[in-house]
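The lines below spell out each chain.
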Amino acid sequence: MSLSRASTPTLAGLAALSITLYAFTERSVHPVHAEAYRMKLEAVSLMQRAEQTLRDAKRERGIVVDRRNDPDGTGVIGPQFTLTTTDRGAQAAKALAAHPNFAAAVTQMMLQAGVRAHDVVAVGMTGSLPGLNLAVLAACRAIGAEPVIITSLGSSMFGATDPDFTWLDMESVLVQRGLWPYRSAAASLGGGGDVGRGLSPAGRQFLNDAIRRNGVRLLDPSYDSVAREHGGSIRLYVNVGGGVASLGGAQNGRLIPAGLTHRIAARNYPNRGVINVLGERRMPIIHLLQVQKLAREFGIIDAGSSAVKPGAGLLFIHYRYNLWLVALCVAILLATNLVFLRHDIRQQLAGHPHPERMEAT
């Protein structure tokens, strides 16, 4: 007599048991705090306070906060066109970059890169993404790291484009009001060649005036010298935006992966910036430019592209199964399969006809 499969009632019963146990384990899923939960919340809170401070400073200076282009009133979205606007830029990306959860995302990446309190973090910023600039500084403050900041002052559309309220002015306001002590060590003009090419003489003068009134050193385009000054002690390099000296050019912005990279891939880069020099020393790199991609990766926007609430999302809460319960259910299912299938096959070996065969005869 040849053996056939187990009987249908046995298989149906085991399938029903499997579904029941699966549903039981799914009910055991519970939320838990993500790693560095409190530190991330502190970074988010700092960024929110920074944006409120900048918004208040703008109003005190008689600068309009455009609620159409800055619907959340962050204070970091500037006009589309001014004499210091260097390039095209998307309003949606600039507004999304101001989401406070980016401070938690940068905190997470810094911790993954091994940054701890008192470590030196080199930062190349531009005026184009002031929201992400705030996220980096809030993360440094929450961790206790020491940023060495170089700024490319010009800005693309909807960034820190106001000649009277550039990124350096924002930095000064935040220092004066006690948010954190971080200022740029030096600044370049930005724009073409990082020397203001493409701007009018009046636009370049506005940027030079901002550098002087904020007491910042004007940097030569070959600002790799600043990286060399601190190179031996730098723990991490962070690039924000598309500054030429920092990034090396727009092509590198696409070739270098967004977010944290522990080792930059060897490529024939069209141009080399500070990010390449430090990356070749096997220094961890955080590249912050592709705002939408980063927002999706860190759950700052959901599947429908709607922004989550500050302090909410997968950056802060993970979901876990009760592993003891899962193990118990697996053990029950395996044991039940073993018992019933063996019993069913033994019945066939003992000469009892298969139920389906009995029905057929």
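Residues numbered from 1 in each chain as written. Predicted model: local features only at pLDDT ≥ 70, side-chain atom pairs only at ≥ 80, totals over all residues. Heavy atoms only, no water.

Engineer: Could you clarify how one ought to interpret the packing of helix 2 (residues 37-60) against helix 4 (residues 101-112) in this entry?
Structural biologist: For any two helices packed against each other, one specifies the inter-axial angle together with the distance between the axes. With their axes 7 Å apart at the nearest point, helix 2 and helix 4 run at an angle of 135° to one another. Looking at the two axes, helix 2 sits oblique to helix 4. Helix 4 is crossed by helix 2, and the crossing has right-handed handedness. Between helix 2, through M39, K40, A43, V44 and M47, and helix 4, the contact on the second element is made entirely by N101, A103, A104, T107, Q108 and L111. (Axes fitted to C-alpha atoms, helices over the stretch in contact; angles between N-to-C directions. Helix = DSSP H or I, 4+ residues; strand = E, 2+ residues; numbered from the N terminus. Parallel < 35°, antiparallel > 145°, perpendicular 65-115°, else oblique. Left-handed = near helix turned anticlockwise from the far one by under 90°. Contact = heavy atoms within 4.5 Å.)

Engineer: Looking at this structure, how should I read the pairing of strand 8 (residues 285-288)?
Structural biologist: Two faces, one strand: in a regular strand the side chains alternate between the faces of the sheet. Here strand 8 shows a buried face lined by I285 and H287 and a second buried face lined by I286 and L288. Pairing of strand 6 (residues 234-240) with strand 8, which is carried by four bridges, proceeds in the parallel orientation. Bridge pairing in strand 8 places Y237 opposite I285. Here strand 7 (residues 259-261) runs beside strand 8; their pairing, made up of three bridges, is antiparallel. Looking across to strand 8, one finds that L260 is bridged to I286. (Buried < 20%, exposed > 50% of the residue type's maximum accessible area, 1.4 Å probe, protein only. Pairing = 2+ DSSP bridges.)

Engineer: Looking at this model, I keep getting lost on the sheet that holds strand 2 (residues 120-126). Mind explaining?
Structural biologist: Adjacent strands of a sheet form backbone hydrogen bonds with each other and so pair up, either parallel or antiparallel. The strand order 5-4-3-2-6-8-7 describes an open sheet built from seven strands, whose pairing is mixed. In this open sheet, the two edge strands, each paired with only one partner strand, are strand 5 (217-218) and strand 7. Where helix 4 meets the sheet, it contacts strand 2, strand 6, strand 7 and strand 8, and its direction lies at approximately 160° from that of strand 8. Seen against the sheet, helix 5 (residues 130-143) touches strand 2, strand 3 (146-152), strand 6 and strand 8 and runs at an angle of roughly 165° to strand 2.

Engineer: Hey, could you run me through the pattern of salt bridges in this one?
Structural biologist: Pairing between side chains of opposite charge can happen when the charged atoms of each approach one another. Taken as a whole and judged by the stated rule, the model has three salt bridges. Close ionic contact of E60 with R177 constitutes a salt bridge, the shortest N to O distance being 2.6 Å. Of this pair, E60 sits in helix 2 while R177 sits in the loop between helix 6 (167-176) and strand 4 (184-188), placing them 117 residues apart in sequence. In this structure, R212 engages D209 in a salt bridge whose closest nitrogen and oxygen atoms are separated by 2.6 Å. Of this pair, R212 and D209 both sit in helix 7 (residues 201-213), three residues apart, roughly one helical turn. (Salt bridge = Lys/Arg side-chain N within 4 Å of Asp/Glu carboxyl O.)

Engineer: Would you explain helix 1 (residues 8-26) in this entry?
Structural biologist: Each full turn of the α-helix corresponds to 3.6 residues, which orients residues three or four apart in the same direction. With 19 residues, helix 1 should reach 27 Å at 1.5 Å per residue; the first-to-last C-alpha distance of 27 Å fits that figure. Residues of helix 1 that are buried include every one of T10, L14, L21 and T25, and no others. Taken end-on, helix 1 shows its buried residues confined to a sector of 40°, consistent with a single buried face. Of the exposed residues in helix 1, those oriented more than 90 degrees away from the buried face are P9, I19 and T20. (Expected span 1.5 Å × (residues − 1). Arc of directions from axis to C-beta.)

Engineer: Can you help me understand the side chain of S156 in this one?
Structural biologist: Here S156 is to be found in the loop between strand 3 and helix 6. Setting aside anything within four residues of it in sequence, one finds S156 in contact with T85, T86, D87, R88, G89, K94, S128 and T161.

Engineer: Sorry, what's going on with the confidence of the model for the chain here?
Structural biologist: Detailed reading of the predicted model is not advised wherever pLDDT is low. Here the chain shows a mean pLDDT of 86. Residues at 70 or above account for 87%. Contacts of residues 222-226 to residues separated by more than four positions or lying in other chains number twelve contacts, the stretch itself having pLDDT below 50. (pLDDT = per-residue confidence, 0-100.)

Engineer: Whenever I open this one, a nonpolar patch on the surface confuses me. Can you help?
Structural biologist: Where nonpolar side chains cluster on the molecular surface, the patch consists of V29, L314, Y319, Y321 and L323 and spans about 540 Å² of accessible area. In this structure, L314 sits in the loop between helix 12 (291-297) and strand 9 (317-320). According to the relative accessible area criterion, L314 is exposed, its value standing at 54%. (Patch = residues over 30% accessible without salt bridge, like charges linked within 9 Å, V, L, I, M, F, W, Y side chains within 5 Å. Areas by Shrake-Rupley, 256 points an atom, 1.4 Å probe, with all protein chains shown as cover.)

Engineer: Looking at this structure, I do not really get the side chain of T126. What am I missing?
Structural biologist: Considering the arrangement of structural elements, one finds T126 in strand 2. Reaching out from T126, the side chain makes a polar contact with the backbone nitrogen of S128 at a distance of 3.0 Å. (Polar contact = N/O pair within 3.5 Å; in protein donor to acceptor, adjacent residues only side chain to side chain.)

Engineer: I tried to follow the layout of surface pockets on my own but got confused; where do I start?
Structural biologist: The gaps left among the atoms become clear once a water-sized probe is rolled over them. When its volume is computed, the largest pocket comes out at roughly 750 Å³. Taken together, 30 residues make up the lining of the largest pocket; nearest its centre are D87, R88, S156, G242 and L289. Of all elements in the fold, only helix 3 (91-97), helix 9 (244-247) and helix 10 (250-255) reach the threshold of two or more residues within the lining of the largest pocket. Broken down by element, the lining of the largest pocket gets its largest block of residues, three residues, from helix 10. Classifying every residue of the lining of the largest pocket gives eight nonpolar, 17 polar and five charged. Each pocket or cavity is described by its volume, and for the second largest pocket that value is around 350 Å³. When the residues that make up the lining of the second largest pocket are grouped by side-chain class, the tally is nine nonpolar, seven polar and three charged. (1 Å grid on protein atoms, 1.4 Å probe; cavity = no way out; pocket = protein on both sides within 12 Å on 5 of 7 lines; lining within 4 Å. Points joined across faces, edges and corners; volume = space filled by probe spheres on them. Nonpolar A, V, L, I, M, F, W, Y, C, P; charged D, E, K, R; others polar.)

Engineer: Can you walk me through the environment of P31 in this structure?
Structural biologist: For P31, the position within the fold is in strand 1 (residues 30-33). When the C-alpha atoms of P31 and I317 are compared, they prove to be 6.2 Å apart, with 286 residues separating the residues in sequence.

Engineer: Hey, could you run me through the nonpolar core in this one?
Structural biologist: Side chains of a nonpolar character, in soluble globular proteins, are inclined to be buried together. Judged by nonpolar contacts, the single largest core of 74 residues is most densely connected at F102, M110, L134, V136, W180, V238 and L288. By residue number, the principal contributor to this core is helix 5, which donates ten residues. Apart from the residues lying within four places of it in its own chain, the contact partners of V238 are M110, V121, A122, V123, G124, V136, I286 and L288. One finds I234, Y237, V274 and L278 within the second-largest nonpolar core, a separate group that totals 14 residues. (Core = buried A, V, L, I, M, F, W, Y, C linked by side-chain atoms within 4.5 Å.)

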